[in-house]
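Now for the letters of each chain:
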Amino acid sequence: QVQLVESGGGSVQAGGSLRLSCVVSGLPSRVKCLGWFRQSPGKEREGVAAIYTGVPTYSSESVKGRFAASHDNAENTWYLQMDRLKPEDSAMYYCAAESPTLYGLACNPRNFNAGGFGHWGQGTQVTVSS
């Protein structure tokens with residue numbers, strides 16, 4: 001079974017950077033579509049980025065130009081580089097693997113939403129101060 005573990009979160013001042021990591025274990029060859037999501041207390045889960053076989057396919061308008069997803073296949077690790085962080089970026093961040101039967105469709109920006117991802121990490125907290 002596919003398992004995902006996020007790390008790299010922490011506290012940073014506005015304008016700073018963080019790089020989140022998502023280590024995939026189990027059957028990584030089946031994971032071609034990886035999504036990044038975030039959620040703040042009392043708010044809905046928000047999709048922020050998607051990447052398919054190492055190629056970014058989606059970024060939300062709120063993070064576009066500041067966040068970049070990437071993949072290191074040799075290490076079975078996926079990354080989210082976050083630059084020029086803002087206080088409104090504060091949230092719990094999750095990586096998630098597409099449900100196996102979707103064959104990359106969840107990473108299509110027209111289809112990108114949490115419902116297309118069946119395997120989730122535990123989350124890593126990002127806090128951005130003014």
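Right above here is the structure, for reference.
Residues numbered from 1 in each chain as written. Predicted model: local features only at pLDDT ≥ 70, side-chain atom pairs only at ≥ 80, totals over all residues. Heavy atoms only, no water.

Peer 1: What should I look at first to understand the overall build of the protein chain in this one?
Peer 2: A tally of regular secondary structure across the protein chain gives zero helices and eleven strands. Traced from its N-terminal end to its C-terminal end, the protein chain shows the element sequence β-β-β-β-β-β-β-β-β-β-β. Relative to its length of 130 residues, the protein chain is compact, with a C-alpha radius of gyration of 14 Å against a globular reference of 14 Å. With the C-alpha coordinates of the protein chain rotated into their principal frame, the extents come out at 40 × 30 × 25 Å. Evaluated residue by residue, the protein chain yields a buried proportion of 42% over its 130 residues. Carbon together with sulfur atoms contributes 48% to the accessible area of the protein chain, which is approximately 6,700 Å² in total. (Helix = DSSP H or I, 4+ residues; strand = E, 2+ residues; numbered from the N terminus. Rg over C-alpha atoms; globule rule 2.2 N^0.38 Å. Buried < 20%, exposed > 50% of the residue type's maximum accessible area, 1.4 Å probe, protein only. Areas by Shrake-Rupley, 256 points an atom, 1.4 Å probe, with all protein chains shown as cover.)

Peer 1: Would you mind showing me how to read the sheet that holds strand E7 (residues 67–72) here?
Peer 2: For sheets, the rule is that strands pair by backbone hydrogen bonds, running either parallel or antiparallel. One open sheet holds the four strands; their spatial order is E1-E3-E8-E7, and the pairing between them is antiparallel. What marks the edges here is a single partner per strand, and that holds for strand E1 (3–7) and E7. In this sheet, neighbouring strand axes are inclined to one another by 20° on average, regardless of whether the strands run parallel or antiparallel. Here E7 pairs with strand E8 (residues 77–82) via six bridges, running antiparallel. When the sheet's bridge partners are listed, His 71 is paired in E8 with Trp 78. (Pairing = 2+ DSSP bridges. Axes fitted to C-alpha atoms, helices over the stretch in contact; angles between N-to-C directions.)

Peer 1: Would you explain the nonpolar core in this entry?
Peer 2: Across soluble globular proteins, nonpolar side chains show a tendency to be buried alongside one another. Ranked by size, the top nonpolar core spans 26 residues in total, and within it Leu 4, Cys 22, Leu 34, Trp 36, Leu 80, Met 82 and Tyr 93 carry the most contacts. Mapped onto this core, the elements with two or more residues apiece are strand E3 (18–25), strand E4 (33–39), strand E5 (46–52), E7, E8, strand E9 (91–98) and strand E11 (124–129). Membership of the second largest hydrophobic core comes to nine residues, among which are Ala 50, Ala 106, Cys 107 and Ala 114. (Core = buried A, V, L, I, M, F, W, Y, C linked by side-chain atoms within 4.5 Å.)

Peer 1: Even after reading the chapter, I still don't get the pattern of salt bridges, so can you show me in this structure?
Peer 2: In a structure, side chains of opposite charge can pair up when their charged atoms sit close to one another. On inspection of all chains with the given rule, the structure shows three salt bridges. For Arg 38, the salt bridge goes to Asp 89, with nearest N and O atoms at 2.9 Å. Taken as a pair, Arg 38 in strand E4 and Asp 89 in the loop between E8 and E9 lie far apart in primary sequence, 51 residues in all. The shortest N-O distance in the salt bridge between Arg 66 and Asp 89 comes to 2.7 Å. Here Arg 66 is found in the loop between strand E6 (55–59) and E7, whereas its partner Asp 89 is found in the loop between E8 and E9, with 23 residues between them in sequence. By relative accessible area, Asp 89 is classed as buried at 1%. Several salt bridges share partner residues, and in doing so they unite Arg 38, Glu 46, Arg 66 and Asp 89 into one network. (Salt bridge = Lys/Arg side-chain N within 4 Å of Asp/Glu carboxyl O.)

Any link to function would need more than the numbers given here.
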